[in-house]
Amino acid sequence: MVAAPIFAFNPMFWYFSVVAVHLVYALGFSLAAWACWLRAGESRRCRIGTFVFLFFACESDWPGYYAALSIALDAFLLKRIRWGAGVAALAIGCFGLHLLHLLWIDPEHGPL
């Protein structure tokens, strides 16, 4: 009961409450990918959902790459080498799309 008014009158909350924070989407997609990954053995829909949500997470912002890294590491530890390689390839492909986008925006200087 005491924390809510203190939080409501916090100046940093006022400042950041008007900013569109896209990290929320990336974290939501990352959690959805992990939820699908934990149920990947149950249905094909969950296996496809893992890759779809990871793609959206990686395209949203940088936390998606941590989710892809952690899922790939989990797959390698569970001896699912092809799944781990697929998740790693998805993350590398998404980063490649990001670099191509930067190249398209500024062809003279490129992404580097």
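Summarised in this report is the structure supplied together with it.

### Observations concerning the nonpolar core
Counting residues in each nonpolar core, the largest one holds 14 residues, and the members touching the most others are Trp37, Leu54, Ala68, Ile71 and Val87. When contributions to this core are tallied by element, the ones reaching two or more residues are helix 3 (23-38), helix 4 (44-60), helix 5 (63-77) and helix 6 (81-105). In terms of residue count, the dominant contributor to this core is helix 5 (five residues). Setting aside residues no more than four positions away along its own chain, isoleucine 71 makes contact with Ala33, Trp34, Trp37, Leu54 and Val87.

### Comments concerning the environment of proline 63
Tracing the backbone through its elements, the reader meets proline 63 in helix 5. With relative accessibility at 9%, the residue proline 63 sits in the buried group. Separated by 34 residues in sequence, proline 63 and phenylalanine 29 place their C-alpha atoms 9.6 Å apart. In this structure proline 63 touches Leu23, Ala26, Leu27 and Ser30, once residues within four positions along its chain are discounted.

### So, the packing of aromatic side chains
Per the stated rule, a full pass over the model turns up seven aromatic pairs. An angle of 40 degrees between the planes, with centres 5.4 Å apart, marks the rings of phenylalanine 29 and phenylalanine 56 as tilted. Taken together, the residues span a long stretch of sequence, with phenylalanine 29 in helix 3 and phenylalanine 56 in helix 4 at a distance of 27 residues. For phenylalanine 29, a relative accessible area of 26% gives the class partly exposed. With a centroid separation of 5.6 Å and 85 degrees between ring planes, the pair formed by tryptophan 62 and tyrosine 66 is classed as edge-to-face. Taken together through their ring pairs, the aromatic side chains of Phe29, Phe53, Phe55 and Phe56 make up a single cluster.

### Some remarks on the pattern of salt bridges
Any two side chains of opposite charge can pair, given that their charged atoms come close. Per the stated rule, a full pass over the model turns up one salt bridge. Between glutamate 42 and arginine 39 there is a salt bridge, with its nearest N and O atoms 3.4 Å apart. Residue glutamate 42 is classed as exposed on the basis of its relative accessible area of 57%. Taking the relative accessible area as the measure of exposure, arginine 39 reaches 48% and is therefore partly exposed.

### Looking at the environment of leucine 27
Residue placement: leucine 27 occurs in helix 3. Spatially, the C-alpha atom of leucine 27 lies 7.1 Å from that of alanine 57, the residues being 30 residues apart in sequence.

### Considering helix 5
Between the first and last C-alpha of helix 5 there are 21 Å, a value that for 15 residues agrees with the 21 Å anticipated at 1.5 Å per step. Within the span of helix 5, buried status applies to Pro63, Gly64, Ala67, Ala68, Ile71, Ala72 and Ala75. Structurally, helix 5 contributes buried residues whose contacts are with helix 3, helix 4 and helix 6. At the exit of helix 5 stands lysine 79, carrying a positive phi of roughly 65 degrees.

The rules we used
- Residues numbered from 1 in each chain as written.
- Predicted model: local features only at pLDDT ≥ 70, side-chain atom pairs only at ≥ 80, totals over all residues.
- Heavy atoms only, no water.
- Core = buried A, V, L, I, M, F, W, Y, C linked by side-chain atoms within 4.5 Å.
- Buried < 20%, exposed > 50% of the residue type's maximum accessible area, 1.4 Å probe, protein only.
- Helix = DSSP H or I, 4+ residues; strand = E, 2+ residues; numbered from the N terminus.
- Contact = heavy atoms within 4.5 Å.
- Phe/Tyr/Trp six-rings, centres within 6.5 Å; stacked < 30°, edge-to-face > 60°.
- Salt bridge = Lys/Arg side-chain N within 4 Å of Asp/Glu carboxyl O.
- Expected span 1.5 Å × (residues − 1).

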